[in-house]
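Reading the structure
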Amino acid sequence: KIWHLTDVRITGDDEAQVLTRFNLYHNVIATPQHASLPIGARGLSCQAYQGAAFWDQEIFNMPMFLYTQPAIARNILKYRYDTLDGAREKAKALGYEGAYYAWISGKTGEELCPSFFFKDVLTGRLIRNHFNCWQMHISPDITYAIWHYYQVTEDWDFIVSYGAEIVFEIARLIFSYGFFKPHRQRYEMIRLLGPDEYHENVDNNAFTNYQCQYALEKACSIFTDLQASDPESLARITQRISLINNEINNWRDMAAKLYLPQPDPDTQLIEQFDGYFQLEDTTPAEIKKRLQDPGEYHGWPNGIAVHTQVLKQADVIQLFCLQDTFTTQIERANYNYYEPRTEHGSSLSPSAYATIACKTGNASDGYQHFIKSSSVDLYNTGKAVSGGTFIGGIHTAACGAAWSVLTTGFAGLKLAGESVSFSPCLPSHWQSISFHLQIRGQRFRVEINQHSLRLTADPGNESSVSYLAENGKAYQVAAGQELVV
């Protein structure tokens, strides 16, 4: 039954098929389905990361379940409600309002990430990293995941019962974390650590700023919708967390005035953070020649990458994977710029580049990054030790990401309002790709080959599946019917 729902079938490429099933299998077995517990960043394969959750679980592990077994996705998000008090305690301890979710989160949601994570292998001294206090994007990422869940399922009951309270507390955190610069008449997010973990203590990380604005807008939108449709539930939530209307006004103001790094008019490039383009422009291969010891940590405070443009993993490119508001021209320009400067020192990185390569029509690059991402465990190509710390084991985020690359990357899955659409970009040697989806309660099978798309609606569906073709033509596929375009 599980394979019927989650399997992705590829014809014409046995290696890709085996890698796909290997990764989907591990995403299934790493995900607790009996209780609201974290998805360990290494599953139960070893003691690395203590079986605790990162942002990986919402952004990389959850999508497969969201589109195939939404009840499991709901359970994954329910975990964040059950650990809300831990997020509140972390925010308070750091001097902020609202909910600052743990970078490494266990059963209670308390922060498990130590302040000294790596060791300087040259001196033997511990390195002070700030994963636990500057990498705040995990909180708006959770808001993103909650709204993504609602878009796919239309489960408003989850929003009322759990989601709204989480989203409101995250908006509180963002407002208290940000700074208003009067001379610029804008809010800024400072002292950050974005997805690229080699560059700490940066200002206006583009990924974080865009995600924060998104989270603020969704908090305001949910508040307004509840105010109009369910004032009793809204009153209960606001009373429970002592939320006042002036806070909503603050969120609206910040959402409107938060600085969002814009693409350069000439190059179309988005600067990863303030001053990034002023750093030494070099490559991962070049800076590795500067290592005095192969076990050196590349990042903060004095690693070989810190004062260069070399990044550990997708950052601006990761933003494109979540927010589909940028033109193909912008995505392509940034892909071409950042990819040669990316070390892919994290298993999270190749999947993001694979997805955006496909979105920009580069199936060849997409395929290479997909193979790199999905083979990290089966071919044992990942780092087992970084900066003197063991980080081996099954990379569960890469396992979950395999499904997303196949469906949103190669198949080009998108939600277009009430419709589903596809913009396929298949590798030239693939004959076809097929998979099952469930969107807004309606199940259907999708099969894409080099010439056509076949959508088959489940006979048990209660309503039609709305499909929007690339030429703008809309189709309604009733229960049990088939559409070929």
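Residues numbered from 1 in each chain as written. Predicted model: local features only at pLDDT ≥ 70, side-chain atom pairs only at ≥ 80, totals over all residues. Heavy atoms only, no water.

**Points about the pairing of strand 14 (residues 474–477)**
- Pairing analysis gives four bridges linking strand 13 (residues 465–468) to strand 14, with the strands arranged antiparallel. Its bridge partner lying in strand 14, leucine 468 is registered against alanine 474.
- Here strand 13 folds back onto strand 14 in antiparallel fashion, the turn holding five residues, of which glycine 472 has a positive phi close to 90°. (Pairing = 2+ DSSP bridges. Helix = DSSP H or I, 4+ residues; strand = E, 2+ residues; numbered from the N terminus.)

**A short note on the pattern of salt bridges**
- Under the definition given, this model contains 28 salt bridges.
- Of the charged contacts, one joins arginine 21 and aspartate 7 as a salt bridge, the two residues approaching to 2.8 Å between their closest N and O atoms. On the criterion of sequence distance, the pair formed by arginine 21 in helix 2 (residues 14–30) and aspartate 7 in the loop between helix 1 (2–6) and strand 1 (8–11) is long-range, its members being 14 residues apart.
- According to the relative accessible area criterion, arginine 21 is partly exposed, its value standing at 31%.
- Taking relative accessible area as the criterion, aspartate 7 reaches 8% and is therefore assigned buried.
- Linking glutamate 188 and arginine 184 is a salt bridge whose minimum nitrogen-to-oxygen distance equals 2.7 Å.
- The class for glutamate 188 is buried, based on a relative accessible area of 1%.
- The network of salt bridges with common partners includes Asp85, Arg88, Glu165, Glu169, Arg172, Arg240 and Glu247. (Salt bridge = Lys/Arg side-chain N within 4 Å of Asp/Glu carboxyl O. Buried < 20%, exposed > 50% of the residue type's maximum accessible area, 1.4 Å probe, protein only.)

**A word on the packing of helix 14 (residues 349–359) against helix 16 (residues 396–410)**
- The contact between helix 14 and helix 16 brings their axes to 8 Å, and the two run at 10°. Viewed along their axes, helix 14 and helix 16 adopt a mutual orientation that is roughly parallel. Residues Ser351, Ala354, Thr355 and Cys358 of helix 14 form the contact with helix 16, whose own contacting residues are Ala401, Val405, Thr408, Gly409 and Phe410.
- The residue inventory of the contact of helix 14 with helix 16, partitioned by class, reads five nonpolar, four polar and no charged. (Axes fitted to C-alpha atoms, helices over the stretch in contact; angles between N-to-C directions. Parallel < 35°, antiparallel > 145°, perpendicular 65-115°, else oblique. Contact = heavy atoms within 4.5 Å. Nonpolar A, V, L, I, M, F, W, Y, C, P; charged D, E, K, R; others polar.)

**A short note on the sheet that holds strand 10 (residues 432–439)**
- The strand order 1-10-11-12-15 describes an open sheet built from five strands, whose pairing is antiparallel. Each edge of the open sheet is held by one strand with a lone partner, namely strand 1 and strand 15 (482–484). Across this sheet, the average inter-strand angle for adjacent strands is 15°, counted without regard to direction.

**Overview of the environment of threonine 408**
- Among the structural elements, threonine 408 can be located in helix 16.
- With 52 residues separating them in the primary sequence, threonine 408 and isoleucine 356 have C-alpha atoms 9.4 Å apart.
- Each residue touching threonine 408, except ones within four places of it in the same chain, is listed here: Thr355 and Leu413.
- Within the local environment of threonine 408, its side chain forms a polar contact with the backbone oxygen of serine 404, the two atoms lying 2.6 Å apart. (Polar contact = N/O pair within 3.5 Å; in protein donor to acceptor, adjacent residues only side chain to side chain.)

**Describing the side chain of arginine 172**
- Inspection of the secondary structure assignment puts arginine 172 in helix 7 (residues 156–177).
- Setting aside residues up to four positions removed in sequence, arginine 172 forms contacts with Glu97, Gly98, Ile241, Ser242, Leu243, Glu247 and Trp251.

**Regarding the nonpolar core**
- Core analysis: the largest hydrophobic core is formed by 151 residues, its most contacted members being Phe168 and Phe422.
- Not counting residues up to four positions away in its chain, the partners in contact with phenylalanine 422 are Ala411, Gly412, Leu413, Phe435, Leu437, Val446, Ile448, Leu453, Tyr467 and Glu470. (Core = buried A, V, L, I, M, F, W, Y, C linked by side-chain atoms within 4.5 Å.)

**Description of helix 15 (residues 363–374)**
- The end-to-end C-alpha separation of helix 15 is 16 Å, in line with the 16 Å expected for twelve residues at 1.5 Å each.
- Against helix 2, helix 13 (328–338), helix 14 and helix 16 lie the buried residues of helix 15. (Expected span 1.5 Å × (residues − 1).)

**With respect to the packing of aromatic side chains**
- For the structure shown, the criterion picks out 39 aromatic pairs.
- Pairing phenylalanine 320 with phenylalanine 326 gives two aromatic rings, centres 5.0 Å apart and planes at 55°, and the pair type is tilted. The residues phenylalanine 320 and phenylalanine 326 share a single accessibility class, namely buried.
- Seen in terms of ring centroids, tyrosine 367 and tryptophan 430 are 6.2 Å apart; in terms of plane orientation they differ by 85°. Their pairing is edge-to-face. With tyrosine 367 in helix 15 and tryptophan 430 in the loop between strand 9 (419–422) and strand 10, this pair connects stretches of sequence that are 63 residues apart.
- Aromatic rings pair up to connect Tyr49, Phe54, Trp103, Phe117, Phe118, Phe131, Tyr198 and Tyr297 into one cluster.
- Above the face of the tyrosine 259 ring, arginine 186 is positioned so that its terminal group lies 3.9 Å from the ring centre. (Phe/Tyr/Trp six-rings, centres within 6.5 Å; stacked < 30°, edge-to-face > 60°. Lys NZ or Arg CZ within 6 Å of the ring centre and 35° of its normal.)

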